[in-house]
Structure formats: structure tokens, C-alpha cells
Amino acid sequence: MTRRLSASSIASHLVLLGWSLVVLIPVWTMLINSVKPKREIFRNPFGLPSEFTFEGYVDAWTAGRFDLYFRNSLIVSIVSLLLILFLGSLAAYALANWRSRLSNILYIYFIAGLMIPIRLGTINLLQIIISLGWNDSLLGLIPVYVAMGLPIATFVLTTFIRSVPGELNDAARIDGASEWRVYWSVILPLIRPALATVTIFNLLPIWNDLWFPLIFIRDQQARTVTLGVSLLFGQYQTDWTRALSALSMAAIPVLITYLLMSSQFIKGLTAGAIKG
Amino acid sequence: MAEIRIENVFKYFGKVTAVNNVSLTVHDQEFVVLLGPSGCGKTTLLRAVAGLGLPDSGRISIGNREVTYLPPRERSISMVFQNYAIFPHMTVYDNVAFGLKMRKADKAEIDRNVRRAAEMLHIEEMLERFPSQMSGGQRQRVAVARAIAIKTDVLLMDEPLSNLDALLRLEMRAELKRLLADLHTTTIYVTHDQIEALSMGDRIAVMRNGEILQCDAPTTVYDQPANKFIGGFIGNPPMNFLLGQVQRHNGSLHVQVGDYALKPAPIYDSELKRYDGQQVVVGIRAENMEAMSQPAEDALQVRVMVVEPLGSQTLLTIKIHEDIIKLATHPDFPAVPDQDIWVRFPAEKIRLMDPQSGKTLLSS
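All chains use their own residue numbering, which begins from 1 and follows the written sequence. Chains and ligands are labelled sequentially in the order written, the chains with letters from A and the ligands with numbers from 1. Residues qualify for local features only when their pLDDT is at least 70, as the model is predicted, and side-chain atom pairs are given and counted only at 80 or more; totals for whole chains, interfaces and linings, by contrast, use all residues.

Considerations on the overall build of chain B
Helix and strand counts for chain B stand at 9 helices and 20 strands. Overall, chain B is about 80 × 45 × 35 Å in size when its C-alpha atoms are taken along their principal axes. Remark: C-beta atoms are placed from the backbone, and a residue is labelled buried if 20 or more other C-beta atoms sit within 10 Å of its own, exposed if 12 or fewer do, or partly exposed between those counts. Looking at chain B as a whole, 43% of its 364 residues are labelled buried. Across chain B, contacts joining residues at least 24 apart in sequence account for 65% of those joining residues at least 6 apart. Under the scheme used here, helices are H or I runs from DSSP no shorter than 4 residues and strands are E runs no shorter than 2 residues, and both carry numbers assigned from the N terminus. We call two residues in contact when the distance between their C-beta atoms, placed using the backbone, is within 7 Å.

This is the structure in C-alpha cells:
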């Protein structure tokens, strides 16, 4: 069996290995340089550090106020994601279960959001946010991110909810569940893998977004991690240790989320629902 | 007391009339089977009673309450689905308890009812399992247990056995029948399997093209089908049909099939007069003909084409005039292909039908 598979599997593993290297080398360089003394970064950028120092991390966290930026980024990302998952799954439940001309138009409206980049509307968004007085505040970022994430969430979740056998909803309704109960006790647990997909899909662009904080936020109190990191790269000088430490820390929440959610992909939760 | 009254119900899907002016009364504690080929509207009608698909017009009441447009949870019904429809993310216990929890029953009551239902379906050992760890037959038991855990007025079943293999179906059929007799609920049971309908129902409502053609006790539906479709749909082998002509011999009316003159039962006399000289369809069940190996009075000589021993009976394929029909004999009956036998048609077992409409000449 191993011999028969070898030709194609070696080729595909080579491709995957190569791709992993392309992705991992910059991450590795970032990590080792973040724990080096300042001068060594330039003298020996790819070698292992001669002595470990967490000066950069401490420096970024305290003096650089990354404690504040992290808190801001976490609040924005978590609140936006929860709203995207909640609103997106409710919309998807409605779109999947009540088919009519209107629901088709709404569905296409959501799909259109996938194709039109939200940044095209930046100036209008800025006007709206300013008129609401939400600029310089996290409140201004959250609705924009929710709008940005809803199309993909609605699209993925609608497809998923349509694949849940209708008898399950009917059975719950017969047993006395209200529509809300059907959504909460039957649909939501069954679409957990899809919710995980949507979470990962939306976390990256929200966590990494620099565009909207750069435009909406000036107050230090409302800066996000990416905005904070961008400010470390000065025109004349850059504190590399601090910048690389901040970047390394910024990668951690995304990594943790991915590790937590990826197990959900594997679970085939709908198995055994109905006769296949 | 829960009588289900369906009055003049219509349901359309686009231009298709799925349920066409159906009226049916299911008495308290009665077990009525909706039987028909796929696409005849039986499931649509059941869903209208369940509240899962509202009728376009008509009235449905359960007990003394009109429920036509009420949501399912206000109808005091429970239902078993063809695809089991048990929740894969819940244990068997939680599945069975779901309805009770929705009704906000207290913990002790939930537990008592779940265990009672599980015991009735013999799944008390599996309460902690998940559906994916169970076989199809066990899942269907869970589905039935969930439906009977809440004591509702009405139990609806939509082809509950059709996903099981033949042996399991046979076993579950008898078990369900006993179970339902113990429960004393009013039941509507949808199936396309005529054996299931005959063996389980107090009454069978035969449907086709959205209409109920006949609603009677199983033996009546079997022996006295209201029309040709029902005779051909129910029974294995189906009822035989021969084309004959009504003729007058010596003042009395006969049905002439080829060169054989059938004398129908006297109750047909008045109806037959209207068909004098015209064609009628003669319907007779395979087991109602008498086969003999010797010539006898009133018997028709026919040639055996095929012999099919089925164990409990032997099926003979014979040709009478233009029509090829099946005849069931005792397995000991000596018959070989291309042999001549003699067949007698007992007058009281013959059904006469109109060749155009298919309707039985006698409306019983």
C-alpha cells in the first residue's frame, strides 16, 4: 500500500512542506529576533540568540501600552465575532427555512456583500461614525466589522442550515418548541462546525485590520494592537525588539483560536441524525 | 377524548392539487391508516393535521377544538417521522425528554415518563448513548419513545417503518400494534405499504391524487374495493381483472368472458340492467377462485402458463380469453405448465366494475 501511494503522496507532501517553510520561516525569524538583544538583530538576523531576553516583551507591554491595545483588540474582536455569529446564524436560519422571492432577494443582497469590498465605502462609513460620535472609540469599529463579517457568515451558515434535515426542526416544533427554541436547541448545536469555520474566517481580518483603526481612531485609549504596532515603525527609527515582540504577542490569540476551533472541523456532528 | 375531524381540506403546491377536498373523521382512540402510492397527498394531509403545512382551505379539529391554523405545539399531538428525526447532539435520554422539557415538566416527572417510554420500547439500557452509536431499528425505537413520552391526544406516524429492513419491519409492526393498543391514543398512520395498512389499521383510508377513494375496515377494503384502483393496489398478488360483456340468457343477465358465462350474485341484478349489452370489468382475487384438476360443472377450462410455488400457496398464471390472471392454490395442488385445469368463480366473490370510471357497480 505504501508503495502504491508513494509517487503522488511524496509530491503532495513536498508541495505542502515547501508551503509550510514559506509560511514558517518569517514567523520563526520574528520569534527568535524578538528574544535577542537589540544589536544582535542586525549582526546575526537568522541565527539563534546568544542570550535570551524578554526585554522587548516587557517594554512593549508596559511602556508601549500594549496591555491597553490588547484589551481593545480583544474587546473589538470578541464582541464583533459574537454579533456576527448570532446575527448571521439568525439570518441564515430564516433564509434557510422560509423560502420566498423576498428571501431570495435578501440572500443575494448578502452574497453581494461578499463581492463588494467594504473599504469602498470608507468615506461614507467615516461620515456615519463621526455623526454618531463614535469615532475615537471602540464603538465605531464594532458595527463596521459586523457588517464586514455578516455576508460570509450568512452565506456559510445558510448552506449549512439547509443541509440539516427539515424533519429535525419539525420534530422539535411538534414536541412543543417555539421557533426560538428550534434555533437555539437544535440548529445551533448542529451547526457548530460551521460556526467554527465562520469564527476563524472572520477573526483574522478583524484582528489584523489596520485600515479602520487607522482612519477612525486617534485617541491612544482606543488603539488596537495592529494600530499600535504600526506606530512602532517610525520614519527615522524603529524599535525592532519592541516591534517584533508586539507582533509575536499579536499572533498568539489567533493561534489559540485556531487550535481550539480546528477540532470542530473534524467532528461530523450530523452523523446519525437521519438514515443516510 | 380526541376525535380528529378533517373537513373539506384543500392544499395546493403551485398548480398541483396535493389534497383535494378531503373529509375524514378519525374517532377517539381509533387507528386510521392513510394508504396510497407516493405522491398521493397522504403525507401532505398528515402534515396539515400536524400543523407543519397549513391547508389552503377547509377545517381541521382535534377534540372539540378547531386547530386548522394553530402552530404544532398548541395541538397536543406527537409525531414519528420516516427518517427518525432524532437529535444527533443529544443522548437518547435527552431526546426522549425533549418534549417534556419544552412543556416545563419538573425533573421527577420527566424522569418517570422517560423511563416509562424507554421501557415500553425496550431501550432502557441505551439511555446514555448517542444516536450515532445505535442501529436503524434502535433509532426508530427512540423516535417512537420520544413521541409517546408526552401523553398527547393524537399520535401521527409518517411511514415510521419504511427505513427498516424487512425482518425488523415485521417485528416492529407487531410491536407497534400492541403498543398503540395499550396507549389508547387516536392515531393516524401514513404508509405506502398495503401489508402494514391491512395488518395494523382499524380503518384504512385509501388515497390517490389527493382524494380519499375509500375508508373502511381492512377486510372490507380488501374484499370489497370501491374501485379498480384499490383492488389493484391492495393485495399481493393484486386483484385480477377480466373484461366481460353483459348478456341476457333466458331472461337472466350473465357476464360473458370469452365463451364462459358468469352468473353474478343477485344483488347486482338491478345495476346490471343498465349495462345490458355493454362491457364490464370482472374483479376477482387470486385466492377466491377454485382450481380443480378434473372437469366440473360451471368450471372453465384454462391452460396453466406459469407455476410459482411460494411455500404457503402456489401461484398459477393462467390465460382467460384475452386476460392473463393469477390464481392462488393450495401448495399441494398438482399443476405443471401447459396443463389444463378447471376454474370456478364463486358468484359472491366477484366484483363488477365500470370499465370507464373503474367504480364498483355496487356502492357498498
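After that view of the structure, there is still more to cover.
Quick notes on the overall build of chain A
Within chain A one finds 13 helices and 0 strands. Helices (α) and strands (β) of chain A occur, in sequence order from the N terminus, as α-α-α-α-α-α-α-α-α-α-α-α-α. Along the longest, intermediate and shortest principal axes, the C-alpha atoms of chain A span 70 × 65 × 30 Å. For chain A, the residues scored as buried account for 34% of the 276 residues in total. Intrachain contacts of chain A at a sequence separation of at least 6 include 75% that bridge at least 24 residues.

Details of the sheet that holds strand β3 (residues 31–35) of chain B
Residues and elements named next belong to chain B. Only strands joined by at least two bridges in the DSSP assignment are considered to pair. Spatial strand order, β6-β7-β8-β3-β9-β10: 6 strands in an open sheet with mixed pairing. At either margin of the open sheet sits one strand with a lone partner, and together these are β6 (77–80) and β10 (211–216). Neighbouring strand axes in the sheet, compared pairwise and without regard to direction, differ in orientation by 20° on average. As defined by bridge partners, β3 adjoins strand β9 (residues 203–208) across 4 bridges and the pair is classed as parallel. The residue bridging Val33 from the neighbouring strand is Ile204, located in β9. Angles run from 0 to 180 degrees between N-to-C directions of axes, and those axes are lines fitted to C-alpha atoms, restricted for helices to the stretch in contact.

Notes on helix α9 (residues 179–190) of chain A
In an α-helix there are 3.6 residues to a turn, and that puts residues three or four apart on one side. All names here are of chain A. The terminal C-alpha atoms of α9 lie 15 Å apart, and with 12 residues this matches the ideal 16 Å at 1.5 Å per residue to within 8%. All of the buried residues in α9 are Val182, Tyr183, Val186, Ile187 and Leu190. End-on, the buried residues of α9 take up no more than an arc of 125°, which puts them together on one face. The elements touched by buried residues of α9 are α4 (66–97), α7 (138–163) and α8 (166–174). Helix span, as expected, comes to 1.5 Å for every residue beyond the first. The directions considered for the arc are those from the helix axis to the C-beta atoms.

Some words on the domain arrangement of chain A
Residue and element names in this part refer to chain A. Domain start and stop points were drawn from an automatic or database domain assignment. Each assigned domain of chain A is listed here: domain 1 (23–53) and domain 2 (57–266). Each of domain 1 and domain 2 has a C-alpha centre, and the two are 32 Å apart. The interface is formed by 6 residues belonging to domain 1 together with 6 residues belonging to domain 2. Elements that contribute at least two residues to the side of domain 1 that touches domain 2 include exactly α1 (2–34) and α2 (38–43). Residue contributions to the side of domain 1 that touches domain 2 peak at 4 residues, all from α1. Looking at side-chain class alone, the side of domain 1 that touches domain 2 contains 3 nonpolar, 2 polar and 1 charged residues. When residues are grouped by polarity, Ala, Val, Leu, Ile, Met, Phe, Trp, Tyr, Cys and Pro land in nonpolar, Asp, Glu, Lys and Arg in charged, and all others, Gly among them, in polar.

Brief notes about the interface of chain A and chain B
Interface extent is often summarised as the accessible area lost during association of the parts. Each side of the interface is counted separately: chain A has 21 residues, and chain B has 23 residues. Take the side of chain A that touches chain B: its biggest share by element is 6 residues, from α8 of chain A. A class-by-class count of the residues in the side of chain A that touches chain B yields 12 nonpolar, 3 polar and 6 charged.

Quick word on the sheet that holds strand β18 (residues 323–329) of chain B
All names here are of chain B. Across the sheet, 5 strands lie side by side as β15-β19-β16-β17-β18; this open sheet has antiparallel pairing. Two strands bound the open sheet, and with one partner strand each, they are β15 (290–292) and β18. Averaged over all pairs of adjacent strands, the angle between their axes in this sheet comes to 45°, without regard to strand direction. Note that strand β17 (residues 314–320) and β18 share 7 bridges and pair antiparallel. When the sheet's bridge partners are listed, Ile320 is paired in β18 with Asp323.

Observations regarding the nonpolar core
Among the nonpolar cores identified, the biggest contains 121 residues, and Val49, Ala145, Leu156 and Ala205 of chain B are the most heavily contacted of them. Examining the composition of this core, we find that 12 residues originate from one element, α7 of chain A, more than from any other. Contacts of Leu156 of chain B, omitting those with residues within four sequence positions, involve Leu46, Val49, Ala50, Ile77, Met79 and Ile188 of chain B. Any set of buried Ala, Val, Leu, Ile, Met, Phe, Trp, Tyr and Cys residues joined through C-beta atoms within 7 Å is what this text calls a nonpolar core. Of all hydrophobic cores here, the second largest spans 28 residues; its members include Val280, Val281, Leu327 and Val343 of chain B.

Points about the pairing of strand β1 (residues 4–13) of chain B
Residues and elements named next belong to chain B. Pairing analysis gives 7 bridges linking β1 to strand β2 (residues 16–26), with the strands arranged antiparallel. By the bridge assignment for β2, Ile4 is matched with Val26. Two successive antiparallel strands, β1 and β2, enclose a turn made up of 2 residues, where Gly14 displays a positive phi of approximately 60°. As defined by bridge partners, β1 adjoins strand β4 (residues 57–62) across 5 bridges and the pair is classed as antiparallel. Paired with Glu7 across the strands is Arg59, a residue of β4.

Focus: unusual backbone geometry
Each neighbour pair has its own omega, and for Asn236 of chain B with Pro237 of chain B the value is 0°, a cis peptide bond. Secondary-structure assignment places Pro237 of chain B in the loop between α8 (228–233) and β11 (240–249). Residues other than glycine seldom take positive phi values, yet Arg65 of chain A does so here, at roughly 60°. Along the chain, Arg65 of chain A turns up in the loop between α3 (55–62) and α4.

With respect to the domain arrangement of chain B
Residue and element names in this part refer to chain B. Annotation of chain B at the domain level lists domain 1 (4–233) and domain 2 (240–353). Put simply, the middle of domain 1 and the middle of domain 2, counted by C-alpha atoms, are 39 Å apart. Every contact between the two is made by 5 residues of domain 1 and, on the other side, 5 residues of domain 2. Its residues placed into classes, the side of domain 1 that touches domain 2 shows 1 nonpolar, 3 polar and 1 charged.

Description of the pairing of strand β7 (residues 154–158) of chain B
Residue and element names in this part refer to chain B. Extensive coverage of β7 is indicated by the burial of 5 of its 5 residues. Neither face of β7 is exposed, since Val154, Leu156 and Asp158 on one face and Leu155 and Met157 on the opposite face are all buried. In this structure, β6 lies alongside β7, joined through 4 bridges in parallel fashion. Residue Val80 lies in a different strand from β7, and its bridge partner there is Met157. Regarding topology, helix α5 (residues 166–183) serves as the crossover connection from β7 to the parallel strand β8 (residues 186–191), and that connection is right-handed. Crossover handedness is defined here as right-handed if the route from the first strand over the helix to the second strand goes clockwise, with the strands pointing away from the viewer.

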